[in-house]
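A structural walkthrough
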Amino acid sequence: MVLHRNLGPFDTTAIGLGEMPLTIENNLGPQMGIDTIHAALDAGCRQIDTAWAYYCSGGEEQTGEKLVREAMSTWKGPKDEVLVATKVGHFRNFTDGKPTWDVDGRPENLIRRAKESALALGVDTIDLLYFHRPDPKIPYGESCEAMKEIAKQGVARTIGISNASIEQIDIAREILGDLFVAVQNQYSPIYTETIDTLDYCGKVGLSFVCWSPLGGFRKPKDESKFDPFREVAAAHNVSYQQVVLAWELAKGDHVFVIPGAHRPATILDSLHAGELELSEEELAKLG
Ligand SMILES: NC(=O)c1ccc[n+]([C@@H]2O[C@H](COP(=O)([O-])OP(=O)(O)OC[C@H]3O[C@@H](n4cnc5c(N)ncnc54)[C@H](OP(=O)(O)O)[C@@H]3O)[C@@H](O)[C@H]2O)c1
């Protein structure tokens, strides 16, 4: 069984499916997307992470949320067990002719996008809605007030923030109170700068969700950072990706991972990471 943990009011899996690769540039098409989501759910995954902005720059918007809706509506399993999280505040753009990500944290935009997200997902109330990324043009508290209004209007049950510092976490705590349940920040062997926010979330009772927990797939990365994980993996006869995810989950019971996948095989392997027990010695070696 896939490891379960509590995220706010939800009993869900500590390993969720990151939907982004299924609908941004270089995805393998909608059928592969549906097959991947169904394979994850059939294997016991109970958390899907998507966003308003998970579509190809210049193409149809919200294709990630629409894919999740289709996958959920055609899945025969217990849909009410699945936590579907989405995010607002980002959109796709072109910078110097290349597909990029832009932000719009204006309150009226966040409220409008949240309603569009609920519509695309086919729900009245989104389980968990994140403010995707701070907008430097808008005071952080104003964006958080909008997230509170979204919950007040019944469009989201709980709120998270993403790409946030400790200072921003405190602003969100002050404004959102009990509605605020999770912080989603980048964290992996190639990106450990956010460990302060991971530890802080544990102290103040928030969940911490690691994005790109395997180092991501969009940019070349320093592969040597994974060498110690490869060594431990060989001893356990598992993929090094399972060791990376297990190491992240061992940082605390409040930690979650949402590995991305372009196809069923990779998420099916990742879902086993919760079964992997790393010794104190191995964890010390991995850092
Ligand atoms: N909040 C934010 O600002 C933010 C930003 C970025 C991402 N995210 C979220 O985080 C999720 C995950 O991040 P990500 O997709 O960028 O990167 P990631 O999870 O670090 O890496 C995904 C890559 O790892 C491979 N992979 C996954 N499990 C594997 C396994 N067990 N064995 C071998 N390879 C494996 C996948 O391979 P295949 O391609 O072969 O399937 C894919 O190429 C996203 O989908 C998204 O939901 C959030």
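Residues numbered from 1 in each chain as written. Predicted model: local features only at pLDDT ≥ 70, side-chain atom pairs only at ≥ 80, totals over all residues. Heavy atoms only, no water.

**Considering the overall build of the chain**
Each helix and strand counted, the chain has 10 helices and 12 strands in total. Since a compact globule built from 287 residues should have a radius of gyration of about 19 Å, the 18 Å found for the chain is in line with a globular shape. Principal-axis analysis of the C-alpha atoms gives the chain an extent of 55 × 45 × 40 Å. Per-residue burial for the chain yields a buried fraction of 54% across its 287 residues. In the chain, 74% of the contacts between residues at least 6 apart in sequence involve partners at least 24 apart. Summing over all exposed atoms, the chain offers an accessible surface of approximately 12,600 Å²; the carbon and sulfur share of this is 50%. Across the chain, the 28 positively charged side chains and the 42 negatively charged ones have centroids separated by 4 Å. (Helix = DSSP H or I, 4+ residues; strand = E, 2+ residues; numbered from the N terminus. Rg over C-alpha atoms; globule rule 2.2 N^0.38 Å. Buried < 20%, exposed > 50% of the residue type's maximum accessible area, 1.4 Å probe, protein only. Contact = heavy atoms within 4.5 Å. Areas by Shrake-Rupley, 256 points an atom, 1.4 Å probe, with all protein chains shown as cover. Lys, Arg positive; Asp, Glu negative; His and termini not counted. Charge placed at Lys NZ, Arg CZ, Asp CG, Glu CD.)

**A few points about the side chain of Asn-185**
Its location among the elements puts Asn-185 in strand S10 (residues 180–186). Owing to a relative accessible area of 1%, Asn-185 belongs among the buried residues under this scheme.

**Examining the site of the ligand**
Taken together, 30 residues lie near the ligand, and Leu-214, Gly-260, His-262, Arg-263 and Thr-266 sit nearest. In the environment of the ligand, an oxygen atom lies 2.7 Å from a nitrogen or oxygen atom belonging to the side chain of Thr-266. Here the ligand has 910 Å² of accessible area as a free molecule, and 90% of this is covered by the chains. Ranked by residues supplied to the shell around the ligand, first place goes to helix H9 (residues 264–270) with three residues. Along the lines of polarity and charge, the residues of the shell around the ligand split into 10 nonpolar, 13 polar and seven charged. (Near = heavy atom within 4 Å. Polar contact = N/O pair within 3.5 Å; in protein donor to acceptor, adjacent residues only side chain to side chain. Nonpolar A, V, L, I, M, F, W, Y, C, P; charged D, E, K, R; others polar.)

**Details of the nonpolar core**
Grouped together as the largest cluster of nonpolar side chains are 88 residues, with contacts concentrated most on Ile-37, Leu-129, Met-147, Ile-150, Ile-161, Ile-169 and Leu-278. Take this core: its biggest share by element is seven residues, from helix H8 (residues 240–249). The residues touching Ile-169, leaving out its near neighbours within four places in the chain, are Ile-161, Ala-164, Phe-180, Val-183, Thr-197, Tyr-200, Cys-201 and Leu-206. (Core = buried A, V, L, I, M, F, W, Y, C linked by side-chain atoms within 4.5 Å.)

**A few points about the packing of aromatic side chains**
By convention here, two paired aromatic rings are described through the distance between centres and the angle between planes. Counted by the stated rule, this structure contains six aromatic pairs. Seen from their ring centres, Tyr-54 and Trp-101 are 6.0 Å apart, and the 90° between their planes marks the pair as edge-to-face. On the criterion of sequence distance, the pair formed by Tyr-54 in the loop between strand S4 (47–49) and helix H2 (63–74) and Trp-101 in strand S7 (residues 98–103) is long-range, its members being 47 residues apart. Its relative accessible area of 7% is what places Tyr-54 among the buried residues. (Phe/Tyr/Trp six-rings, centres within 6.5 Å; stacked < 30°, edge-to-face > 60°.)

**Structural notes on the packing of helix H1 (residues 30–42) against H2**
Contact geometry of H1 with H2 gives a least axis separation of 9 Å together with a crossing angle of 55°. Considered as vectors, H1 and H2 are oriented oblique to each other. Seen along the crossing, H1 lies across H2 with a hand that is right-handed. Where H1 approaches H2, its residues Pro-30, Gly-33, Ile-34, Ile-37, His-38 and Leu-41 are matched on the opposing element by Leu-67, Val-68, Glu-70, Ala-71, Met-72 and Thr-74. (Axes fitted to C-alpha atoms, helices over the stretch in contact; angles between N-to-C directions. Parallel < 35°, antiparallel > 145°, perpendicular 65-115°, else oblique. Left-handed = near helix turned anticlockwise from the far one by under 90°.)

**Quick look at the UniProt feature "domain: NADP-dependent oxidoreductase" (unreviewed entry) in the chain**
Annotation from UniProt places "domain: NADP-dependent oxidoreductase" (unreviewed entry) at residues 15–286. Helix makes up 40% of residues 15–286 and strand 19%, whereas the separation of the span's terminal C-alpha atoms amounts to 20 Å. (UniProt positions renumbered as here; feature names shortened; annotations may be inferred.)

**Considerations on helix H7 (residues 227–236)**
Every buried residue of H7 is accounted for by Phe-229, Val-232 and Ala-233. The arc that holds every buried residue of H7, seen down its axis, measures 105°, which confines them to one face. Those residues of H7 that are exposed and aimed more than 90 degrees away from the buried face are Ala-234 and Ala-235. Looking at the packing, one finds that the buried side of H7 touches H8 and helix H10 (280–286). Downstream of H7 by a residue or two, Asn-237 has a phi angle that is positive, lying close to 60°. (Arc of directions from axis to C-beta.)

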